[in-house]
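Structural characterization, general
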Amino acid sequence: MTSLATTGLARPHRWLRAHPYAADAALAAAVLTIVLLGAYVGPHASAHRPGPYFVVMSLFACAGLVLRRPMPRAVLAFTCAFTLLETVITGDDPPHTQIALAAVVALYTVVARTDRPTAWRIAAVTVAVLTGTVMLFGVRPWYAQENLGLFAWTGMAAAAGDAVRSRRAFIAAIEERAERAERTREEEARRRVAEERLRIARELHDVVAHHIALVNVQAGVASHIMDSRPDQAKEALAHVREASRSALGELRATVGLLRQHGDPEAPTEPAPGLGVLDQLVDGFARVGLRVDVAAASTLPDGPATATGAAGAADVVGPLPAAVDLAAYRVLQEALTNVHKHAGPGARAEVALLRAPDSLLLTVLDDGAGRTADATGAAPAGADHGGHGLIGMRERAAALGGSCEAGPRERGAPGFRVRASLPVRAAAGG
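Let me sum up the structure you'll find in this document. (Residues numbered from 1 in each chain as written. Predicted model: local features only at pLDDT ≥ 70, side-chain atom pairs only at ≥ 80, totals over all residues. Heavy atoms only, no water.)

**Side note on the overall build of the protein chain**
When you go through the protein chain residue by residue, the secondary structure sums to 14 helices and six strands. Sorting the 429 residues of the protein chain into buried and exposed places 38% on the buried side. A fraction of 67% describes how many contacts in the protein chain between residues 6 or more apart in sequence connect residues 24 or more apart. For the protein chain, the computed accessible surface area is about 24100 Å², with 61% contributed by carbon and sulfur atoms. (Helix = DSSP H or I, 4+ residues; strand = E, 2+ residues; numbered from the N terminus. Buried < 20%, exposed > 50% of the residue type's maximum accessible area, 1.4 Å probe, protein only. Contact = heavy atoms within 4.5 Å. Areas by Shrake-Rupley, 256 points an atom, 1.4 Å probe, with all protein chains shown as cover.)

In structure tokens form, the structure reads like this:
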């Protein structure tokens, strides 16, 4: 199909769209020209030449088309009135019904700009009135070609107007659907960005909170015994160096996730999981926190129970990467909170229960040295503005699981963290 740009009509088309009254005036002039040519140049023009009054009525009827857009129904009534006037009152034999072309254009406009039920009611009344009047007062017999031609023209005008209205509605629906899809795509992109930012924030918090807590304790120990026991102070500083090196490595791996594809120095080492639980426990043991680990499994294959961090991974078995990382981070954050808030001399118990479709993690502390109140709140001076518990709950919820934290049951001293992570749902996801 040849476009307007290739035919050189693009500029006039844009001008006519910007000036609708000028376009309708041009249409009215064209309709008037056709009406006059049909009346004076037609095959029966020499025998039945219309008088000057026909020209006047045609001029008024076609002039009404200039207002067909702002007042479509009024223009339709106006043009139909002149058509009926020419057919009934003037007494021509036969009447010159070429003037009905103005009513045909007005009917098309009404149907194209009105809802379908109303448009078809108006079209039916217009076709019936115009055609019935012409058949009664027009050319004999009533089924003459001129009478049926008027019926056909008015019917086609109504059908064309309905088709144009349906096409406009279809295009509007497509545009609205495209706009909605674009908005949905933008909202989905923003949601994914927010989720990614939250995930990275959790990773950074877990890494920083754990290692900096260890560094803080070891640095305090080294400062306290530097003069009296320099050998132990050196050992504490070595632990500080090791913890800081581990923190830098994990920070480098986490921040490396922000790199674009193809950037150099992308992280290649796997994310931590329960396979390195013994290293996590050893890190806390160096700063004086005793951690006992017990694992049990209801899987048909593999060992059923194990004591100690080294054998826990074998009992739990392979896990989806997301579950493995979440379990490690929950344990890391829970033990970090025990070390920070349970007080000196506290002891932590870690229990892992692997079922075919879930992994249950429990971290208990005995609260030795805790200065918390009866509600299990952190001791005075503890950081109440952290996001550790929130991060654990968010990690579990992201996998479809749950995480609870609070005082131990039956009034026992200490704190409990319990997390349930689904395994099959995470693997399917």
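Read on, since the account is not over.
**Quick word on helix α10 (residues 277-286)**
Regarding α10, the residues found buried are L277, L280, V281, G283 and F284. Buried residues in α10, looked at end-on, bunch into an arc of 155°, giving them a common side. Just downstream of α10 lies G288, where phi reads positive at about 95°. (Arc of directions from axis to C-beta.)

**Topic: the sheet that holds strand β1 (residues 290-297)**
The strand order across the open sheet built from six strands is β2-β1-β3-β4-β6-β5, with neighbouring strands paired in mixed fashion. Unpaired on one side and paired on the other, β2 (305-307) and β5 (402-407) mark the two borders of the sheet. Pairs of neighbouring strands in the sheet enclose a mean axial angle of 10°, with direction left out of account. Pairing between β1 and β2: three bridges, direction antiparallel. Paired with A294 across the two strands is T307, which belongs to β2. Sheet contacts for helix α12 (residues 321-341): β1, β3 (347-355), β4 (358-365) and β6 (415-422); angle to β4, the most-contacted strand, approximately 10°. (Pairing = 2+ DSSP bridges. Axes fitted to C-alpha atoms, helices over the stretch in contact; angles between N-to-C directions.)

**Side note on helix α5 (residues 72-89)**
Here α5 is 18 residues long and its end C-alpha atoms lie 25 Å apart, about the 26 Å a rise of 1.5 Å per residue gives. Buried within α5 we find P72, V75, L76, T79, C80, F82, T83, E86 and T87. The buried residues of α5 occupy an angular sector of 155° when projected down its axis, which confines them to one face. Where α5 is buried, its residues contact α4 (52-63), α6 (100-112) and α7 (116-137). (Expected span 1.5 Å × (residues − 1).)

**Considering the pairing of β3**
In this sheet, β3 lies alongside β1 in parallel orientation, the contact comprising eight bridges. When the bridges of β3 are listed, V293 appears paired with V350. Summarising the sheet, β3 and β4 pair through eight bridges and their orientation is antiparallel. Among the inter-strand pairings, R354 is bridged to a residue of β4, identified as L359. Here β3 folds back onto β4, and the loop between the two strands holds two residues.

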